[in-house]
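# Observations on the model geometry
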Protein chains: 2
Amino acid sequence: MDEREEFRRVAVAAREAAARLAPLPRAAKDAALHAIADALLANVPQIVKANEADVAAARENGISEYMIDRLSLDEGRIAAIAAAVRQVAALPDPVGEVVRGTVLPNGLELRQIRVPMGVVGIIYEGRPNVTVDAAALCLKSGNVAMLRGSSSAYNSNTALVGIMQAALAGTDVPADAVQLVPGTSRESVKHLMRARGLVDVLIPRGGASLINSVVEESTVPVIETGVGNCAVYVDADADLDMAVDILLNAKTQRPSVCNAAETLLVHEGIADAFLPRALQALAEAGVTVHGDERVRSHSADVVAATEDDWYAEYLSLDIAARVVGSLEEAAAHIRKYGSGHTEAIVTTSQQAARRFVATVDSAAIMVNASTRFTDGEEFGFGAEIGISTQKLHARGPMGLPELTSTKYVVTGEGQLRG
Amino acid sequence: MDEREEFRRVAVAAREAAARLAPLPRAAKDAALHAIADALLANVPQIVKANEADVAAARENGISEYMIDRLSLDEGRIAAIAAAVRQVAALPDPVGEVVRGTVLPNGLELRQIRVPMGVVGIIYEGRPNVTVDAAALCLKSGNVAMLRGSSSAYNSNTALVGIMQAALAGTDVPADAVQLVPGTSRESVKHLMRARGLVDVLIPRGGASLINSVVEESTVPVIETGVGNCAVYVDADADLDMAVDILLNAKTQRPSVCNAAETLLVHEGIADAFLPRALQALAEAGVTVHGDERVRSHSADVVAATEDDWYAEYLSLDIAARVVGSLEEAAAHIRKYGSGHTEAIVTTSQQAARRFVATVDSAAIMVNASTRFTDGEEFGFGAEIGISTQKLHARGPMGLPELTSTKYVVTGEGQLRG
């Protein structure tokens, strides 16, 4: 069987499993999640062995130690993955929630209720723990997971999915409810992207180029996630200590993630007071500043920013910095160069906070708080499948409800339309 | 300027207008809607003249009288269009609604609020009243409308959009908030479908082939609407009078619309009692029945159904009919052949109603009611931009809230992530 036929077989099995999974009550899904957690713990040697093959191949291919660390699994990490599955089991089930309900003038009872999406395709890179996390979140929300991880983790992912399917075989959840896209070729991703009618939604998790190629080629609806060129704007009226603390936290607390700050915008009215302190603190934290002329006038260490710097998602100890004439100029900069993820304003002015919130069109706006808070766990969702930077369906951190659709149930006693 | 450059100029103007329109309060938007209604009434002769050119061209091209009627505008119809705009003004503004709000353990105040999508592209056929309806719904929800109607209505649409833009010029809403995609070529639609970054969402309204081509080619997120192969399932335990009434209403009350019934599924336990009455009633209403062998055994007038009939959205006085062995067989038929729009069950059994609602995966499920009720007006939404048959973002009738996205506003006093 060639890869395309093999994909189709798996996708049809997923579609059929989705119809059986959707009506299952919470207890059945939670029992299946605990069975998965048990099975992961019971099969540590098998997972580690498969993972060693991936790690050995990665070393042969000269992959960086940082990437190898992300790829590696050991008993401790597998225990953490199993514990995360049990945490998902403990979350409320979004399916069946009545979102809206009313009685119409003709006596019809109208309810809009949450239902699973169906089959959710997830394309991701790197870490094999995502394989289990994503499967658990999909299963809890009544969805079948069609997983397409990095080819470098294919042995690990095959072992993990096999163990999950075997665990499900002893539960009310169909074993086909967790599926790995067969193969490691670039073609195998394309099969997933063209599987309209079999796959209900695709969530690509990764860099801008992965996400752009999925948006360009997919006929399955896509939720874009994760690209973050986040800005911190320091207003004319700002507490300078707070501004320095928020800037440092947003930039340096974890520079490699999408909610880290990549751009600093400073109102000209406060630039002379704020920039010397900010630049010194950034320098002490090892951050390279790419600034415009007015930022550079405060420190010889500031590198000249190019047009590319304003667009950059560095994911490193770098930041682009610019002095702006007004809040509106900051908003215009964000509109032009930003990725619509998270922007923060630091201000003591209630009016400025209101204007920033009303004018800046991003998934999350922070008023006097670090950009790093845009996160499903931090927002209290208990789990997160990704952070949407698009406006359709879900925007910002996506928890379990964002993995559902709705349907209308209308109950009558023979009503006809006149 | 060629058509592509002209499109880009219009789309960039739309994008800029969206940023100015989004923060406007309800009063400004309502005033603009009334200005549009006034302007339509003040310019009846200009609209009628432009429409006459479209109608004359349509007659020359041998268009059917039915289509010419849909295309035609006169003083009465223009007055009705203006009245509909005032009705939209009277609806509540969805923008700013707090969807979710809480205080996090660290004291951060989290609010998820409704915001406009931005620029909404609408591709539609036939009737020029949609030009004004869609513009009004977009404007009320804070969105810029990028309209692409039928080329056969281009003169009418150009006149209507020109009048709306002139009316907006005297209000707080930017005149560029209503835009017509320039040109009538097939290429002009493609510009709209490829305008990712300038257009936030595309809503195609029309037949299956239009919608499929948009889904295939668009890089802008799409909301599929309007294809309805709706089924009425008559359960083993059903009130026969009610079943006949619902079937007739669903099929014949307005056969040309998406929520009309196209398929009848009858439980074998009730077929001998129900089918003779149903077939007679359908025959008297002028409906041609395309049936399987068991349906045909009850009447010589029933035409033999082919595989295509089960998939058909007739939009005419035709219906496909089949006897099924169980509720589950009915659900499997709907899963295979249906379009996920609306399905009805007629039953006196509470258990059967529950199973049908849980098993059938469509945008709306009617229990003892006509499929014709799936409609924004009937559901009490006050207006409708279309009926979504996809699961992402909106499902079923879409009112003003479905034309919005959300953003998170997080307010603190210097919180940092630890």
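What counts and how
- Residues numbered from 1 in each chain as written.
- Chains lettered and ligands numbered in written order.
- Predicted model: local features only at pLDDT ≥ 70, side-chain atom pairs only at ≥ 80, totals over all residues.
- Heavy atoms only, no water.
- Helix = DSSP H or I, 4+ residues; strand = E, 2+ residues; numbered from the N terminus.
- Buried < 20%, exposed > 50% of the residue type's maximum accessible area, 1.4 Å probe, protein only.
- Contact = heavy atoms within 4.5 Å.
- Lys, Arg positive; Asp, Glu negative; His and termini not counted.
- Charge placed at Lys NZ, Arg CZ, Asp CG, Glu CD.
- Arc of directions from axis to C-beta.
- UniProt positions renumbered as here; feature names shortened; annotations may be inferred.
- Pairing = 2+ DSSP bridges.
- Salt bridge = Lys/Arg side-chain N within 4 Å of Asp/Glu carboxyl O.
- Domains from an automatic or database assignment.
- Axes fitted to C-alpha atoms, helices over the stretch in contact; angles between N-to-C directions.
- Parallel < 35°, antiparallel > 145°, perpendicular 65-115°, else oblique.
- Left-handed = near helix turned anticlockwise from the far one by under 90°.
- Nonpolar A, V, L, I, M, F, W, Y, C, P; charged D, E, K, R; others polar.
- Least-squares fit on C-alpha atoms with pLDDT ≥ 70 in both.
- Buried area = accessible area lost by both parts, 1.4 Å probe.
- Polar contact = N/O pair within 3.5 Å; in protein donor to acceptor, adjacent residues only side chain to side chain.

Per the secondary structure count, chain A includes 15 helices and 16 strands. For chain A, the C-alpha atoms occupy an extent of roughly 70 × 65 × 35 Å along the three principal directions. The buried share of chain A, taken over its 418 residues, is 58%. Considering only contacts in chain A between residues 6 or more positions apart, those separated by 24 or more positions represent 71%. Measuring between centres, the 38 positive side-chain charges of chain A sit 7 Å from its 53 negative side-chain charges.

As a further point, take helix α9 (residues 208-217) of chain B. Residues and elements named next belong to chain B. Those residues of α9 that sit buried are Leu-210, Ile-211, Val-214 and Val-215. Summarising the axial view, the buried residues of α9 lie within an arc of 130°, below the 170-degree limit, and thus occupy one face. Buried residues belonging to α9 abut β3 (119-123), α8 (186-193) and β6 (201-204).

Okay, the UniProt feature "domain: Aldehyde dehydrogenase" (unreviewed entry) in chain A next. Under the UniProt annotation, "domain: Aldehyde dehydrogenase" (unreviewed entry) lies at residues 4-287 of chain A. Here residues 4-287 of chain A is 53% helix and 15% strand, with 47 Å between the C-alpha atoms at its ends.

This next bit is on the pairing of strand β1 (residues 98-103) of chain A. Residues and elements named next belong to chain A. As judged from the 5 bridges shared by β1 and strand β2 (residues 109-116), these two strands associate in the antiparallel manner. Opposite Arg-100, over in β2, you have Gln-112 as the bridge partner. Here β1 folds back onto β2 in antiparallel fashion, the turn holding 5 residues, of which Gly-107 has a positive phi close to 90°.

What follows covers the pattern of salt bridges. Residue and element names in this part refer to chain B. Evaluation of the coordinates by the stated rule reveals 46 salt bridges over all chains. For the salt bridge of Asp-200 with Arg-15, the shortest nitrogen-to-oxygen distance reads 3.1 Å. Here Asp-200, found in the loop between α8 and β6, pairs with Arg-15, found in helix α1 (residues 3-21); they are 185 residues apart in sequence, far enough to count as distant. Under the relative-accessibility criterion, Asp-200 is labelled buried at 16%.

To continue, consider the environment of Arg-86 of chain B. Residues and elements named next belong to chain B. Residue placement: Arg-86 occurs in helix α5 (residues 75-90). Classification of Arg-86 as partly exposed rests on a relative accessible area of 28%. With 298 residues separating them along the chain, Arg-86 and Glu-384 place their C-alpha atoms 15 Å apart. Beyond its immediate sequence surroundings of up to four residues, Arg-86 is in contact with His-34, Ala-37, Asp-38 and Leu-41.

Once that is clear, we can look at the side chain of Ser-150 of chain A. With respect to the helices and strands, Ser-150 of chain A occurs in the loop between β4 (144-148) and α7 (154-169). For Ser-150 of chain A, the residues in contact, after removing those within four places along its chain, are Tyr-124, Glu-125, Gly-126 and Asn-157 of chain A.

Below, the discussion takes up the domain arrangement of chain A. By the assigned domains, chain A splits into domain 1 (3-224 + 395-411) and domain 2 (230-373). Here domain 1 of chain A and domain 2 of chain A have C-alpha centroids that lie 36 Å from each other.

Residues and elements named next belong to chain B. The geometry of helix α10 (residues 240-252) relative to helix α11 (residues 268-284) is characterised by a closest axis approach of 10 Å and an angle of 40° between their N-to-C directions. By the angle between their axes, α10 is oblique relative to α11. The crossing of α10 and α11 is right-handed. Residue-level inspection shows Leu-240, Asp-241, Ala-243, Val-244, Leu-247, Leu-248 and Lys-251 of α10 in contact with α11, the latter providing Ile-270, Ala-273, Phe-274, Arg-277, Ala-278, Ala-281 and Leu-282. In terms of residue class, the contact of α10 with α11 is made up of 11 nonpolar, no polar and 3 charged.

Another point: the pairing of β2 of chain A. All names here are of chain A. Within β2, 6 of the 8 residues are buried, leaving the element largely enclosed by the surrounding structure. Examined bridge by bridge, β2 and strand β16 (residues 404-415) share 8 bridges and lie antiparallel to one another. Each residue of the ladder has a partner; that of Arg-111, found in β16, is Val-409.

Of note, Leu-104 of chain B is situated in the loop between β1 (98-103) and β2 (109-116). Judged by its relative accessible area of 7%, Leu-104 of chain B falls in the buried class. A sequence separation of 306 residues divides Leu-104 of chain B from Val-410 of chain B, and the C-alpha atoms of the two residues are 9.7 Å apart. Setting aside anything within four residues of it in sequence, one finds Leu-104 of chain B in contact with Glu-378 and Phe-379 of chain A together with Leu-110 of chain B.

Note on the identical chains: chain A maps onto chain B by a rotation of 180° and an axial translation of 0.0 Å, with an RMSD of 0.0 Å. Expressed as a symmetry operation, the mapping of one chain copy onto the other fits a two-fold axis. No C-alpha of chain A lies nearer the rotation axis than that of His-393 of chain A, which sits 1.8 Å from it. When the interface residues of chain A are mapped onto chain B, 100% of them are again interface residues, pointing to one common binding face.

Looking now at the sheet that holds strand β9 (residues 288-291) of chain B. Overall, mixed pairing links the 10 strands, which are arranged β1(A)-β2(A)-β16(A)-β13(B)-β12(B)-β7(B)-β8(B)-β11(B)-β9(B)-β10(B) in an open sheet. The two strands at the open ends of the sheet, each matched to only one other strand, are β1 of chain A together with β10 (303-304) of chain B. As judged from the 2 bridges shared by β9 of chain B and β10 of chain B, these two strands associate in the parallel manner. Bridged to His-290 of chain B within β10 of chain B is Val-303 of chain B. Contacting β7 (230-234), β8 (261-267), β9 and β11 (318-324) of chain B, α11 of chain B crosses the sheet at an angle of about 145° to β8 of chain B. Against the sheet, helix α15 (residues 350-359) of chain B makes contact with β16 of chain A together with β7, β12 (342-346) and β13 (364-369) of chain B, and its axis sits at roughly 165° relative to β12 of chain B, the strand it touches most.

Moving on: the interface of chain A and chain B. Every contact between the two is made by 71 residues of chain A and, on the other side, 71 residues of chain B. Summed over both partners, the interface of chain A with chain B comes to about 5900 Å²; 53% of that surface belongs to carbon and sulfur atoms. Looking at the side of chain A facing chain B, the largest losses of area belong to Leu-392, Tyr-408 and Arg-417 of chain A, adding up to 15% of the total buried there. Inspection of the chain A/chain B interface yields 12 salt bridges. A salt bridge links Arg-100 of chain A to Glu-402 of chain B; its shortest N-O distance comes to 3.3 Å. Applying the counting criterion to the chain A and chain B interface returns 43 residue pairs in polar contact (both at pLDDT 80 or more). Of all elements in the fold, only α1 (3-21), β2, α9 (208-217), α10 (240-252), α15 (350-359), β13 (364-369), β15 (396-398) and β16 of chain A reach the threshold of two or more residues within the side of chain A that touches chain B. With 11 residues, β16 of chain A is the single largest residue contributor to the side of chain A that touches chain B. A per-class count over the side of chain A that touches chain B returns 33 nonpolar, 19 polar and 19 charged. Bridge count for β16 of chain A against β13 of chain B is 5 bridges, and the pairing is parallel. When the sheet's bridge partners are listed, Tyr-408 of chain A is paired in β13 of chain B with Ala-364 of chain B.

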